[in-house]
Amino acid sequence: MLGVPSPFFRTIDSRNGAVCMMEGKERINFASYDYLGLSGHESVRAAAVEAATTWGVSANASRLVGGERPYHVDLERAIADAYGVDDAVAMVSGHATNVTTIGALLGPKDLILMDQLIHNSIAEGANLSGAARLTFPHNDFGWIDETLSRVRGRYERVLIVIEGLYSMDGDFPDLAEFVKIKRNHDAWLMVDEAHAFGVLGETGRGIAEMQGVDPRSVEIWMGTLSKTLASCGGYIAGSEALVTYLKFKAPGFVFSVGLSAPVAATAAAAVRAMLDEPERVARLHANGQRFREKAKDAGLDIGLTEGYAVTPVIIGDSPRAVVAADKLYEAGINALPIIFPAVPEQQARIRFFMTSDHTDEQIDDAVAKTAEIVHGLKDVDLFESLRS
Ligand SMILES: Cc1ncc(COP(=O)(O)O)c(C=O)c1O
């Protein structure tokens, strides 16, 4: 209706990194989760090729019945060691990892408390579990404390779920406060680090490293292989008992194929590259801060972002966000509009994912163009031509 082509499912004809080729033109790309640029890293790509050559390109069976493979064990060890916890289990999809883990751990006598900005996969898992569900105001641990003081006795187990870095807003919780409250109320804490692993902390180990919290004080660490780790899949890290339970009880693991060798080996090599090259994490931090400060100076509404991997530019209504993103695309910048129902109406935004590979010039160019477009659209009646 607005004469704007759909921003979704556009073809990318190159690696999806800090720059990409689209419709024959090189674009500066802010729509990739390749936070540390590891998708193009030499040793990471070499690990995929070597694994495919050695093991073939599919696991060809569920792990429970098909037998353990060294490349799964290697990946899970690397993840558990990076967190400093007992063990980890990797599954074929990040989304399915959340759904099946929460669905397998909680039941109708339990309660799940989720942040209001929590990812869809957590909410789906909570629905599946049959547990009672409450969403709490964003990052409001005081609300949980007060609520559990009243209702804790009605439930057997209580799970609190938060994200290490929020995927739409780019901010993070106060982890130590959540740990304190879950201890006081005998609850479990689950932290989804899809956007925090590789991003927060000096060596990318996530929010526990950044905030100096003992990783063993969180029962369930969750993350994806699809972002910093440049692969595909999800993981749960925690105690040996948790991991063993999931390996026998989570349907998304038991009744699903194991990760293929190239996929697992890629993620394991990416964990090593992340730890071996902390300068990538430092560059990502510098880029995120630069984008945030420049955008603030340009008068853009960047919401709650702390300026790490994700910074939204909040525009308001969905049509305006789509038009702004299209103009940005035409100006050589690829950043996607996030519209209702992914975010509440009037909170539509363009979301910028940072990578360690972006240059200062690319960031400055993107902010300048975004500011010009967004400010220029402020008082424009987008529907005028439709009415006349
Ligand atoms: C917070 C969060 N959790 C889980 C997922 C699912 O991960 P995947 O895309 O690897 O399936 C996502 C996806 O973007 C996410 O943002």
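Residues numbered from 1 in each chain as written. Predicted model: local features only at pLDDT ≥ 70, side-chain atom pairs only at ≥ 80, totals over all residues.

**Side note on the sheet that holds strand S10 (residues 310-316)**
- Sheet architecture is open: three strands sit in the order S10-S13-S12, paired in antiparallel fashion. Every other strand in the sheet has two partners, leaving S10 and strand S12 (336-338) as the edge strands with one partner each. Averaged over all pairs of adjacent strands, the angle between strand axes in this sheet comes to 30°, irrespective of strand direction.
- Where S12 lies against strand S13 (residues 348-353), three bridges are found, and the strand directions are antiparallel. (Pairing = 2+ DSSP bridges. Helix = DSSP H or I, 4+ residues; strand = E, 2+ residues; numbered from the N terminus. Axes fitted to C-alpha atoms, helices over the stretch in contact; angles between N-to-C directions.)

**Structural notes on the sheet that holds strand S6 (residues 158-163)**
- Spatial strand order, S3-S9-S8-S7-S6-S4-S5: seven strands in an open sheet with mixed pairing. Each of the sheet's edge strands pairs with one partner strand only, and the pair in question is strand S3 (87-91) and strand S5 (132-136). Here the average twist between neighbouring strands, direction ignored, is 20°.
- Looking at chain direction, S3 and strand S9 (residues 234-238) are connected through five bridges and run antiparallel. The residue bridging Asp 87 from the neighbouring strand is Gly 238, located in S9.
- Here helix H4 (residues 94-105) sits on the sheet and contacts S3, strand S4 (111-115), strand S7 (188-192), strand S8 (220-224) and S9; the angle it forms with S9, its principal contact strand, is near 45°. (Contact = placed C-beta atoms within 7 Å.)

**Digging into the packing of helix H3 (residues 70-83) against helix H11 (residues 261-276)**
- Orientation of H3 relative to H11, taken along the N-to-C sense of each, is 30°, at an axis distance of 9 Å. It follows that H3 is roughly parallel to H11 by the angle criterion. In terms of crossing hand, the pair formed by H3 and H11 is left-handed. Between H3 and H11, the residues in contact are Tyr 71, His 72, Asp 74, Leu 75, Ala 78, Ile 79 and Ala 82 and Ala 261, Ala 264, Ala 265, Ala 267, Ala 268, Val 271, Arg 272 and Leu 275, respectively.
- Among the residues making up the contact of H3 with H11, the classes are represented as 12 nonpolar, one polar and two charged. (Parallel < 35°, antiparallel > 145°, perpendicular 65-115°, else oblique. Left-handed = near helix turned anticlockwise from the far one by under 90°. Nonpolar A, V, L, I, M, F, W, Y, C, P; charged D, E, K, R; others polar.)

**Some words on the environment of Ala 325**
- Mapped onto the elements, Ala 325 comes out in helix H13 (residues 318-330).
- Taking the C-beta count within 10 Å as the criterion, Ala 325 has 28 such neighbours and is therefore assigned buried.
- Taking the C-alpha atoms as reference, Ala 325 lies 8.9 Å from Ile 373; in sequence the two are 48 residues apart. (Buried ≥ 20, exposed ≤ 12 C-beta atoms within 10 Å, placed from the backbone.)

**Structural notes on the site of the ligand**
- Neighbouring residues of the ligand: 14 residues in total, closest Gly 94, His 119, Ala 194, Thr 224 and Ser 226.
- By residue number, the principal contributor to the shell around the ligand is H4, which donates three residues.
- Grouping the constituent residues of the shell around the ligand by class yields one nonpolar, 11 polar and two charged. (Near = placed C-beta within 6 Å.)

**Re the packing of helix H1 (residues 42-55) against H11**
- One can describe the packing of H1 onto H11 by two numbers: an axis separation of 8 Å at closest approach and a directional angle of 150°. For the element pair H1 / H11, the angle class is roughly antiparallel. In this structure, H1 crosses over H11, and the sense of that crossing is right-handed. Where H1 approaches H11, its residues Ser 43, Val 44, Ala 47, Ala 48, Ala 51, Ala 52, Thr 54 and Trp 55 are matched on the opposing element by Ala 261, Pro 262, Ala 265, Thr 266, Ala 268, Ala 269, Ala 270 and Ala 273.
- When grouped by side-chain class, the residues that make up the contact of H1 with H11 number 13 nonpolar, three polar and no charged.

**Observations concerning unusual backbone geometry**
- The omega torsion of the bond from Phe 340 to Pro 341 falls at 10°, within 30 degrees of zero and hence cis.
- Residue placement: Pro 341 occurs in the loop between S12 and S13.
- Positive phi values are uncommon outside glycine, yet Asn 60 reaches one of about 65°.
- Residue placement: Asn 60 occurs in the loop between H1 and helix H2 (63-66).
- Look at Gln 346: it is not a glycine, yet its phi comes out positive at around 75°.
- Position of Gln 346 relative to the elements: it lies in the loop between S12 and S13.
- You can call Gln 346 exposed: it has 11 C-beta atoms within 10 Å.

**Concerning the domain arrangement of the chain**
- Domain boundaries in the chain define domain 1 (19-36 + 278-387) and domain 2 (40-276).
- For domain 1 versus domain 2, the distance between C-alpha centres works out to 28 Å.
- With 20 residues of domain 1 at the interface, the matching set in domain 2 holds 19 residues.
- Of all the elements in the fold, those that place two or more residues in the side of domain 1 that touches domain 2 are helix H12 (278-297) and S10.
- A per-element tally of the side of domain 1 that touches domain 2 places H12 first, with four residues.
- When grouped by side-chain class, the residues that make up the side of domain 1 that touches domain 2 number 13 nonpolar, three polar and four charged. (Domains from an automatic or database assignment.)

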